[in-house]
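# Understanding the architecture of this molecule
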Amino acid sequence: MKQLRGTELKRLHRSWRRSNEFRLAIILENLQSPFNVGSVVRTGAAMGAEKLYLTGDTPSVRSSGAQKAAMGTDKYLKVEHFPTVAEAVAAAKADGYKVVGLELADDAVPLFSAGLTPAVAFVLGHEDRGITPEALELCDQVVFVPQLGRVGSLNVSAAATVACYEARRQGYAISGTPEGGLLGDLGDDFGDDFGDDLGVDED
């Protein structure tokens, strides 16, 4: 067994991307840490999210802290900042997304029981206060990540990763996973989309 590098890694990512065309986006409301913003950006880029909607006091993806965590992956996402969460949610819905809040709330359902296809935009809130009451009311649905240990919450960037992976898992349950083993018979077309760069850094 050996690690995949270069062309093999690009081929692997491309095979999985072509097998899951369901849409994904992220809304960040009043995040405090630019490092969390950058981590969410990198997760979104890795998971093929189309757009990042920033609202309230959320730091810019171009801030030094966000850039350090994102490592330049913000270039793979469309990023827009809205003054209010109502405007951000309205924009996401106009773009065709079901807006799903990630929050420990009384009417929230487990993440894996929510329908996250064909297009979902996750809302994530402040590291301590979570999503605002206004944003919760605007969401089409609110979900939570069941936790079995003695810690009651996840870091916001970790929660974003879990949510994005669950959305992709549901997509593959519908579309199926790539055929032909790990790499498959995928040809030598390596120039399209962002496969030439994303996922091949060796940090």
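This is a predicted model, so every value here is computed, not measured.

## A few points about the overall build of the protein
Per the secondary structure count, the protein includes 6 helices and 7 strands. Listed N to C, the secondary structure of the protein is α-β-α-β-α-β-α-β-β-β-α-β-α in terms of helices and strands. In the protein, the share of contacts with a sequence separation of at least 24, taken over all contacts with a separation of at least 6, comes to 84%. Accessible surface computed for the protein: about 10,500 Å², of which carbon and sulfur atoms make up 53%.

## A short note on helix 4 (residues 85-94)
Where helix 4 is concerned, the buried positions are Val-85, Ala-88, Val-89, Ala-91 and Ala-92. For helix 4, the angular spread of the buried residues around the axis is 160°, confining them to a single face. Check the buried side of helix 4 and you find it contacts strand 1 (23-29), strand 2 (51-55), strand 3 (78-82), strand 4 (98-102), strand 6 (119-124) and helix 5 (133-138). Just downstream of helix 4, Gly-96 is the residue with a positive phi angle, here 95°.

## With respect to the packing of aromatic side chains
The tally for this structure, following the rule as stated, stands at 3 aromatic pairs. Residues Tyr-53 and Tyr-97 carry aromatic rings whose centres are separated by 6.5 Å and whose planes lie at 85° to one another, so their mutual orientation is edge-to-face. Of the two residues, Tyr-53 sits in strand 2 while Tyr-97 sits in the loop between helix 4 and strand 4, which places them 44 residues apart along the sequence. Here Tyr-53 falls in the buried class, since its relative accessible area comes to 0%. On the basis of relative accessible area, Tyr-97 is assigned to the buried category, the value being 4%. We note Arg-23 situated over the ring of Tyr-97; from NZ or CZ to the ring centre the distance is 4.2 Å.

## Thoughts on the pattern of salt bridges
The tally for this structure, following the rule as stated, stands at 7 salt bridges. Here Glu-80 and Lys-51 are joined by a salt bridge, their closest N and O atoms 2.9 Å apart. With Glu-80 in strand 3 and Lys-51 in strand 2, the pair connects residues that are 29 residues apart, well separated along the chain. For Lys-51, a relative accessible area of 15% corresponds to the buried category. In this structure, Arg-62 and Asp-74 form a salt bridge, with 2.8 Å as the shortest nitrogen-oxygen distance. Of this pair, Arg-62 sits in the loop between strand 2 and helix 3 (64-70) while Asp-74 sits in the loop between helix 3 and strand 3; the two residues are 12 residues apart in sequence, bridging distant segments of the chain. Among the residues examined, Asp-74 registers a relative accessible area of 10% and is labelled buried. Via salt bridges that share partners, Lys-51, Glu-80 and Asp-95 belong to a single interconnected network.

## Brief notes about the sheet that holds strand 2
Pairing is parallel across the open sheet formed by 7 strands, whose spatial order is 3-2-1-6-4-7-5. Two strands bound the open sheet, and with one partner strand each, they are strand 3 and strand 5 (109-110). Contacts from helix 4 reach strand 1, strand 2, strand 3, strand 4 and strand 6, with the element oriented near 160° to strand 2.

## Let's talk about the side chain of Lys-51
A distance of 2.9 Å separates the side chain of Lys-51 from the side chain of Glu-80, its partner in a polar contact. If we skip the residues at most four places from it in the chain, Lys-51 touches Leu-24, Ala-25, Ile-26, Leu-77, Lys-78, Glu-80 and Asp-95.

## Considerations on the confidence of the model for the protein
Model confidence for the protein is summarised by a mean pLDDT of 89, while 88% of its residues fall at 70 or above. Per-residue pLDDT stays below 50 along residues 180-203; that stretch engages in 51 contacts with residues further than four places along the chain or on separate chains.

## Regarding the environment of Phe-82
Its place among the elements puts Phe-82 in strand 3. A C-alpha to C-alpha distance of 9.9 Å links Phe-82 and Asp-57, two positions 25 residues apart in sequence.

Reading the values: the criteria
- Residues numbered from 1 in each chain as written.
- Predicted model: local features only at pLDDT ≥ 70, side-chain atom pairs only at ≥ 80, totals over all residues.
- Heavy atoms only, no water.
- Helix = DSSP H or I, 4+ residues; strand = E, 2+ residues; numbered from the N terminus.
- Contact = heavy atoms within 4.5 Å.
- Areas by Shrake-Rupley, 256 points an atom, 1.4 Å probe, with all protein chains shown as cover.
- Buried < 20%, exposed > 50% of the residue type's maximum accessible area, 1.4 Å probe, protein only.
- Arc of directions from axis to C-beta.
- Phe/Tyr/Trp six-rings, centres within 6.5 Å; stacked < 30°, edge-to-face > 60°.
- Lys NZ or Arg CZ within 6 Å of the ring centre and 35° of its normal.
- Salt bridge = Lys/Arg side-chain N within 4 Å of Asp/Glu carboxyl O.
- Pairing = 2+ DSSP bridges.
- Axes fitted to C-alpha atoms, helices over the stretch in contact; angles between N-to-C directions.
- Polar contact = N/O pair within 3.5 Å; in protein donor to acceptor, adjacent residues only side chain to side chain.
- pLDDT = per-residue confidence, 0-100.

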